[in-house]
Amino acid sequence: MKILVSYYSKTGNTKAVAESIYDELKKDDAEIKQIKEVANPEDYSLIFCGFPVHAHSVPVAVHNFIKKLGKGQKLAFFSTHGSKTDGQMPKEAIHQAIGLAKDCEVLGTFTCRGQVDQEILDDLEKKPEHRAWVAEAASAKDHPDSADLEDAKLFAMGMLKKAMKFADFHKK
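Cut-offs used in this document
For every chain, the first residue of its written sequence is number 1, and the numbers climb from 1 along that sequence. Two thresholds apply to this predicted model, a pLDDT of at least 70 for residue-level local features and 80 or more for giving and counting side-chain atom pairs, whereas whole-chain, interface and lining totals are computed over all residues. No hydrogens and no water enter the side-chain calculation; it runs on all heavy atoms of the structure. In this scheme, strands are said to pair when DSSP sees at least two bridges between them. Here a strand is any run of E in DSSP of at least two residues, a helix any run of H or I of at least four, and the numbering for each starts at the N terminus. Lines are fitted to the C-alpha atoms to define the axes, a helix being fitted only along its stretch in contact, and any angle between axes, read from their N-to-C directions, falls within 0 to 180 degrees. In what follows, a contact means two residues having at least one pair of non-hydrogen atoms within 4.5 Å. Only protein chains enter the accessibility calculation, which uses a 1.4 Å probe; a residue whose area is less than 20% of its type maximum is buried, one above 50% is exposed, and one in between is partly exposed. Crossover handedness is defined by viewing with both strands directed away from the observer: a clockwise path from the first strand over the helix to the second marks the crossover as right-handed. Only Phe, Tyr and Trp rings take part, Trp by its six-membered ring, and two of them pair if their centres are within 6.5 Å. Stacked means planes under 30 degrees apart, edge-to-face means over 60, and tilted covers everything else. Criterion for a charge above a ring: Arg CZ or Lys NZ at most 6 Å from the ring centre, at most 35 degrees from the ring normal. Angular relationships are summarised with four words: roughly parallel below 35 degrees, roughly antiparallel beyond 145, roughly perpendicular across 65 to 115, and oblique for the angles in between. Left-handed describes a crossing whose near helix is turned anticlockwise from the far helix through less than a right angle; right-handed describes the clockwise counterpart.

A. Up close: the sheet that holds strand E2 (residues 29-34). Across the sheet, which stays open at both edges, the 5 strands sit in the order E2-E1-E3-E4-E5 with parallel pairing between neighbours. Lying at the two open borders of the sheet, with one neighbouring strand each, are E2 and strand E5 (105-113). The sheet shows a mean angle of 15° between the axes of neighbouring strands, taken without regard to direction. Bridge count between strand E3 (residues 46-52) and strand E4 (residues 74-81): 7 bridges; the pairing is parallel. The partner of glycine 50 across the bridge, within E4, is phenylalanine 78. Of the strands in this sheet, E3, E4 and E5 are in contact with helix H3 (residues 88-100), which crosses E4 at around 155°.

Following this line, the structure appears as C-alpha cells:
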C-alpha cells in the first residue's frame, strides 16, 4: 500500500502533525509532501490530507487538491485550529472537506489545536465580534503539544488498519 501524508501549513502546526503521522507510517511505503508538491495523487492507495482551519473553512489550496482526487480514493483528513477541539469551527471545516471529497472514501478525521499567528490575533482583537474567539485561540499557544502528536500517531495507525481492511474486503 503506497501512502501519502500531504499537508498545507503556514505556521508549522499542520506540518508538525503531518510529520508525526509520517513518523508512524514511514516503515510502510509512505511519503510526506506539501500539497503543492503532489503531482499525481492517483499513485497512492491512501492519502492523509492536512490543513489549518481558516475562518471555519478549508484553505483554497487544499480545496483545489481535494477536487483533483479520483473516485474511490482512500482519504483521511487532519486539521489544526485555534478553537477548542470540540468547537464549531473545526467541525465545519472538516465537514466542508468531507463534502469536497464526495467521490472519495473518507476513512476518518483528526483535529487538534495549534498556535494561531499573533498578527491574526491582534487584527481580530480589534473587532468586537471576534474577541471571544481571540481569547479562546490564545489558549492554544502551546499546541500541538506532545500529547496531540501522540494522538496523531494513533490516528495514523487506525487509518492504516481501516484502509487495509477496506482493501481486503474489496478483494473478495
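After that view, the rundown keeps rolling.
B. A look at the pairing of strand E1 (residues 2-7). When you tally the buried positions in E1, you get 5 out of 6 residues, the bulk of the element. Bridging between E1 and E2 involves 6 bridges; their strand directions are parallel. Looking at E2, one finds that tyrosine 7 is bridged to glutamine 34. Running through helix H1 (residues 13-25), the crossover from E1 to the neighbouring parallel element E2 is right-handed. Sheet topology places E1 next to E3; 5 bridges connect them, and they run parallel. Looking at E3, one finds that serine 6 is bridged to cysteine 49.

C. Main features of the packing of aromatic side chains. Considering all chains together, one arrives at 3 aromatic pairs under this definition. Aromatic side chains phenylalanine 51 and phenylalanine 77 sit 6.4 Å apart centroid to centroid with 75° between the ring planes, which places their arrangement in the edge-to-face category. Linking phenylalanine 51 in strand E3 with phenylalanine 77 in strand E4, this pair joins segments that are 26 residues apart in sequence. Residue classification places phenylalanine 51 among the buried residues on the basis of a relative accessible area of 0%. For lysine 2, the ring lying beneath its charged end belongs to tyrosine 44, and the centroid distance is 5.0 Å.

D. Inspection of the packing of helix H4 (residues 118-125) against helix H5 (residues 131-138) at higher detail. Remark: H4 packs on H5, axes separated minimally by 9 Å, with the N-to-C direction vectors making an angle of 155°. Comparing the axis directions of H4 and H5 gives the class roughly antiparallel. The chirality of how H4 crosses H5 is left-handed. Residues Leu121, Leu124 and Glu125 of H4 pack against Arg131, Trp133, Val134, Ala137 and Ala138 of H5.

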